[in-house]
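# Report on the structure
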Amino acid sequence: MRGHLKVLGLAEDLAALTDLDAGLDQIKLIGEAIGIPLVTFLDDLSSSSSEVHIAGRTKRAPSRRFVEFRRVWQERQYRLNSPVYLACRTEHLPFVWRADQYAPATTRSDGAKKKSLEFVKAYGVLGGICVPIHAPRGRVGCLHFIDRKGADLEQCLATHRSALVLAGFYLMNMGAVQTNQMAVDTAISHLTRREIDCVTLAGRGLTDKQIAKELGFGPGTARFHIDNAIRKLNAQTRVQAVAKAAQLGLIGSIT
């Protein structure tokens, strides 16, 4: 019980932190306290550009082996087929996984999952405790305690489940606040009022002709403003621009 209270205290201390690096240093202390010191954090499973953060990175540089692991993991896009990350999308509570437990490869998808697990096994990973983090606007992150020494993961999770959930929540919120505020500030400073108006109406299903009638100008002007918004939001299509603007809170709900 004393160990649980210590870990819970470390998790609660995250509430006072606002800097992600400081939060990751605190998460490292939690990993050490539960006997699983290698901890990673990914704030957006759906984004190929989302960086895998290493807890404690401000106090010590990651090893060459881990840097190489991360490089190959990202280049081969193993995260897209990792059964651990896939489970994060549907699971809401922390769970234990082991690298030697997977179904036989019967489909191409199963084969891809198997390869991702074989890859982590080659780097000495035995399994881990995964903490899924479901944030507003459908964003899913993952706080991951990675076992390389044969820890009793089930017992560890049973003892510290509440603390790990709390730690994941605070860490995700920390990263989201920084990332979202930067994105919102950038979008607001670049999008004009008319561009926001046009994207808002496009999100409600209006055509260029209908948007033009609503705002009192021609369809070509409506299309011009929407094309500008697409470019400024770094979107590929009209639909993606609307989705990004909604995620940033620029146009409110589109439902």
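Residues numbered from 1 in each chain as written. Predicted model: local features only at pLDDT ≥ 70, side-chain atom pairs only at ≥ 80, totals over all residues. Heavy atoms only, no water.

Once that is clear, we can look at the sheet that holds strand S1 (residues 38-42). Judged by pairing direction, the sheet is antiparallel, and its five strands sit side by side in the order S2-S1-S5-S4-S3 without closing on themselves. Both outer strands of the open sheet, strand S2 (52-54) and strand S3 (95-98), are each paired with one neighbouring strand and no more. Across the sheet, the axes of successive neighbouring strands diverge by a mean angle of 25 degrees, strand direction being ignored. Pairing between S1 and S2: three bridges, direction antiparallel. Residue pairing in the sheet places Phe-41 in a bridge with His-53 of S2. In the packing of helix H3 (residues 64-75) onto the sheet, contacts are made with S1 and S2, and the angle to S2 comes to roughly 165 degrees. (Pairing = 2+ DSSP bridges. Helix = DSSP H or I, 4+ residues; strand = E, 2+ residues; numbered from the N terminus. Axes fitted to C-alpha atoms, helices over the stretch in contact; angles between N-to-C directions. Contact = heavy atoms within 4.5 Å.)

Turning our eyes to something else, we now look at empty space enclosed by the protein. Under the definition given, this model contains one cavity of 30 Å³ or more. The space that makes up the largest cavity amounts to roughly 210 Å³. Around the largest cavity, the lining comprises 16 residues; the ones closest to its centre are Phe-69, Trp-73, Tyr-85, Val-120 and His-144. Looking at the lining of the largest cavity, the elements that each hand over two or more residues are H3, helix H4 (83-90), helix H5 (108-122) and strand S5 (140-147). (1 Å grid on protein atoms, 1.4 Å probe; cavity = no way out; pocket = protein on both sides within 12 Å on 5 of 7 lines; lining within 4 Å. Points joined across faces, edges and corners; volume = space filled by probe spheres on them.)

On to the packing of helix H7 (residues 193-203) against helix H10 (residues 238-247). Two elements in contact, H7 and H10, have axes separated by 9 Å at closest approach and are oriented at 105 degrees. Taken together, the axes of H7 and H10 are roughly perpendicular relative to one another. Where H7 approaches H10, its residues Val-199, Ala-202 and Gly-203 are matched on the opposing element by Arg-238, Ala-241, Val-242 and Ala-245. When its residues are assigned to classes, the contact of H7 with H10 shows five nonpolar, one polar and one charged. (Parallel < 35°, antiparallel > 145°, perpendicular 65-115°, else oblique. Nonpolar A, V, L, I, M, F, W, Y, C, P; charged D, E, K, R; others polar.)

With that settled, consider the packing of aromatic side chains. The final tally for this structure, using the stated rule, is 10 aromatic pairs. Their ring planes at 75 degrees and their centres at 5.1 Å tell us that Phe-69 and Tyr-123 sit as a pair that is edge-to-face. Here Phe-69 is found in helix H3, whereas its partner Tyr-123 is found in the loop between H5 and strand S4 (127-134), with 54 residues between them in sequence. Under the relative-accessibility criterion, Tyr-123 is labelled buried at 18%. (Phe/Tyr/Trp six-rings, centres within 6.5 Å; stacked < 30°, edge-to-face > 60°. Buried < 20%, exposed > 50% of the residue type's maximum accessible area, 1.4 Å probe, protein only.)

Within the secondary structure layout, His-225 lies in helix H9 (residues 219-232). Not counting residues up to four positions away in its chain, the partners in contact with His-225 are Arg-194, Glu-195, Cys-198 and Phe-217.

With that settled, consider the confidence of the model for the chain. Residues with a pLDDT of 70 or more make up 87% of the chain, whose mean pLDDT is 84. Taken as a whole, residues 103-108 scores under 50 in pLDDT and shows four contacts with residues more than four places along the chain or in a different chain. (pLDDT = per-residue confidence, 0-100.)

Our focus in this paragraph is the pairing of S1. Within S1, five of the five residues are buried, leaving the element largely enclosed by the surrounding structure. By the alternation rule, side chains of S1 split into Leu-38, Thr-40 and Leu-42 and Val-39 and Phe-41, which are all buried.

Right, let's get into the pattern of salt bridges. For the coordinates displayed, the defined rule picks out eight salt bridges. Between Arg-71 and Glu-68 there is a salt bridge whose closest N-O contact spans 2.5 Å. With Arg-71 and Glu-68 both in helix H3 and three residues apart, the pair spans about one turn of that helix. Of the residues examined, Glu-68 reaches a relative accessible area of 32% and is grouped as partly exposed. Across the pair Arg-71 and Glu-75 runs a salt bridge, and its minimum N-O distance is 2.8 Å. Taken together, the positions of Arg-71 and Glu-75, both in helix H3 and four residues apart, correspond to about one turn of that helix. By relative accessible area, Arg-71 is classed as partly exposed at 38%. Taking the relative accessible area as the measure of exposure, Glu-75 reaches 55% and is therefore exposed. Because the salt bridges share partners, they merge into one network encompassing Glu-68, Arg-71 and Glu-75. (Salt bridge = Lys/Arg side-chain N within 4 Å of Asp/Glu carboxyl O.)

The next point concerns the side chain of His-160. Inspection of the secondary structure puts His-160 in helix H6 (residues 153-190). In contact with His-160, not counting residues within four places along its chain, are Gly-3, His-4, Val-7 and Ile-34.

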